[in-house]
Amino acid sequence: MYKGNIILLGAPGSGKGTLAEAITENYNYLHISTGDILRQEKNSDTELGKFLRTTLGSGNLVPDKIVNEIVETKLKTVDKPFLLDGFPRTIKQAEFLETLTEIGLVIFLSVSDNTIVKRILERGKTSNRPDDSSGEIILNRLRQYYSETMPLVDFYSKQNKLMKLNGEMTKEEVFKEFQIILNMF
Ligand code: AMP
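Please read these numbers as outputs of a predicted model, since none were measured by experiment.

Rules used throughout
- Residues numbered from 1 in each chain as written.
- Predicted model: local features only at pLDDT ≥ 70, side-chain atom pairs only at ≥ 80, totals over all residues.
- Heavy atoms only, no water.
- Helix = DSSP H or I, 4+ residues; strand = E, 2+ residues; numbered from the N terminus.
- Rg over C-alpha atoms; globule rule 2.2 N^0.38 Å.
- Buried < 20%, exposed > 50% of the residue type's maximum accessible area, 1.4 Å probe, protein only.
- Contact = heavy atoms within 4.5 Å.
- Areas by Shrake-Rupley, 256 points an atom, 1.4 Å probe, with all protein chains shown as cover.
- Lys, Arg positive; Asp, Glu negative; His and termini not counted.
- Charge placed at Lys NZ, Arg CZ, Asp CG, Glu CD.
- Phe/Tyr/Trp six-rings, centres within 6.5 Å; stacked < 30°, edge-to-face > 60°.
- Arc of directions from axis to C-beta.
- Pairing = 2+ DSSP bridges.
- Near = heavy atom within 4 Å.
- Polar contact = N/O pair within 3.5 Å; in protein donor to acceptor, adjacent residues only side chain to side chain.
- Nonpolar A, V, L, I, M, F, W, Y, C, P; charged D, E, K, R; others polar.
- Salt bridge = Lys/Arg side-chain N within 4 Å of Asp/Glu carboxyl O.

J.: If you had to explain the overall build of the chain to someone new, which residues and values would you point to?
T.: What the chain contains, in helices and strands, is nine helices and five strands. Walking the chain from its N terminus toward its C terminus, one meets helices and strands in the order β-α-β-α-α-α-β-α-β-α-α-α-β-α. Its C-alpha atoms give the chain a radius of gyration of 16 Å, within 12% of the compact-globule value 16 Å for 185 residues. Sorting the 185 residues of the chain into buried and exposed places 44% on the buried side. When contacts within the chain are restricted to residue pairs at least 6 apart in sequence, those whose partners lie at least 24 apart make up 74%. With the model as given, the accessible surface of the chain reaches about 9900 Å², and the carbon-plus-sulfur share is 50%. Counting 24 positive and 25 negative side-chain charges, the chain places the averaged centre of each group 1 Å from the other.

J.: Tell me about the packing of aromatic side chains, residues and numbers included.
T.: Going through the model one piece at a time under the given rule, you end up with six aromatic pairs. For the ring pair tyrosine 27 and phenylalanine 175, a centre distance of 6.4 Å and an interplane angle of 65 degrees mean the geometry is edge-to-face. Here tyrosine 27 is found in the loop between α1 (16-26) and β2 (30-33), whereas its partner phenylalanine 175 is found in helix α9 (residues 171-184), with 148 residues between them in sequence. No difference in accessibility class separates tyrosine 27 from phenylalanine 175, as the two residues are buried. Taken together, a centroid distance of 5.3 Å and an interplanar angle of 65 degrees make the contact between tyrosine 145 and tyrosine 146 edge-to-face. Residue class for tyrosine 145 comes out buried when judged on its relative accessible area of 6%.

J.: Account for α1, with residues named and values stated.
T.: Buried within α1 we find Lys16, Leu19, Ala20, Ala22 and Ile23. Here the buried residues of α1 occupy an arc of 165 degrees about the axis, which is enough to place them on one side. Exposed residues on α1 whose side chains face more than 90 degrees from its buried face are Glu21 and Glu25.

J.: Outline the pairing of strand β4 (residues 105-110), listing residues and values.
T.: Extensive coverage of β4 is indicated by the burial of five of its six residues. In this sheet, β4 lies alongside strand β1 (residues 6-10) in parallel orientation, the contact comprising five bridges. Paired with isoleucine 6 across the two strands is leucine 105, which belongs to β4. Where β4 and strand β5 (residues 162-166) come together, five bridges link them in parallel fashion. Residue isoleucine 107 lies in a different strand from β5, and its bridge partner there is methionine 163.

J.: Would you mind going over the site of the ligand in detail, with residue names and values included?
T.: Around the ligand, a shell composed of 15 residues is seen, among which Thr34, Asn60, Gly86, Arg89 and Gln93 lie nearest. One of the backbone nitrogen or oxygen atoms of asparagine 60 is found 2.6 Å away from an oxygen atom of the ligand. Protein chains shield 96% of the accessible area of the ligand, which is 480 Å² for the free molecule. Among the elements that make up the shell around the ligand, the one with the highest residue count is helix α2 (residues 34-42) (four residues). For the shell around the ligand, the per-class residue count stands at six nonpolar, five polar and four charged.

J.: Requested: an account of the pattern of salt bridges, with residues and values cited.
T.: Scanning the entire structure with this criterion turns up 10 salt bridges. Residues glutamate 47 and lysine 50 are paired through a salt bridge, measuring 3.5 Å at the closest nitrogen-oxygen approach. With glutamate 47 and lysine 50 both in helix α3 (residues 47-55) and three residues apart, this pair spans about one turn of that helix. When the shortest N-O distance is used, the salt bridge between arginine 123 and aspartate 132 registers 3.0 Å. Relative accessible area serves as the criterion here: at 32%, arginine 123 is assigned to the partly exposed category. Salt bridges linked by common partners bring Arg123, Arg129, Asp131, Asp132 and Arg141 together as one network.

This is the structure in structure tokens:
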């Protein structure tokens, strides 16, 4: 059974957070979501907080240097295997991550654009996130995903680390498939 660090890769709304929840409930993993960390940091009375208040929520990616530093700091405090949710999102981030730690498994949650838009708009009703509530921002997030993040599928395939899951399935089915992968990896 695979017991190392895991990356959850997929478009916004592909179910990364939901799968991460199921994994941490059943296995000894720490869930690290850069989106959650950035949203928290946004409220702080720092230069970074100020910067994030104007950029986060637009659907654009936060610059690599900022996110890389956040992840580097976070990983120094971690004492068990972790799940990265929302990081890396660019090739530059993936290359930086390789200088920090070892990742053996990348789970790619694949979903259609239709499902993504539907799920995010649904989530927006309760998440209070501006970037979940506007069609225009969601489309921008999708554009960013295809241009910046999608190349990571190739990047990790070439390293034989990528396992694809059909993110259209129910969360129970996705988790079951994930367990099969974990056991055979
Ligand atoms: P998420 O909760 O993962 O959808 O992230 C929400 C927002 O935070 C994204 O739209 C980006 O603006 C920013 N963000 C989160 N993770 C990253 C990352 N790895 N690189 C750049 N921006 C990020």
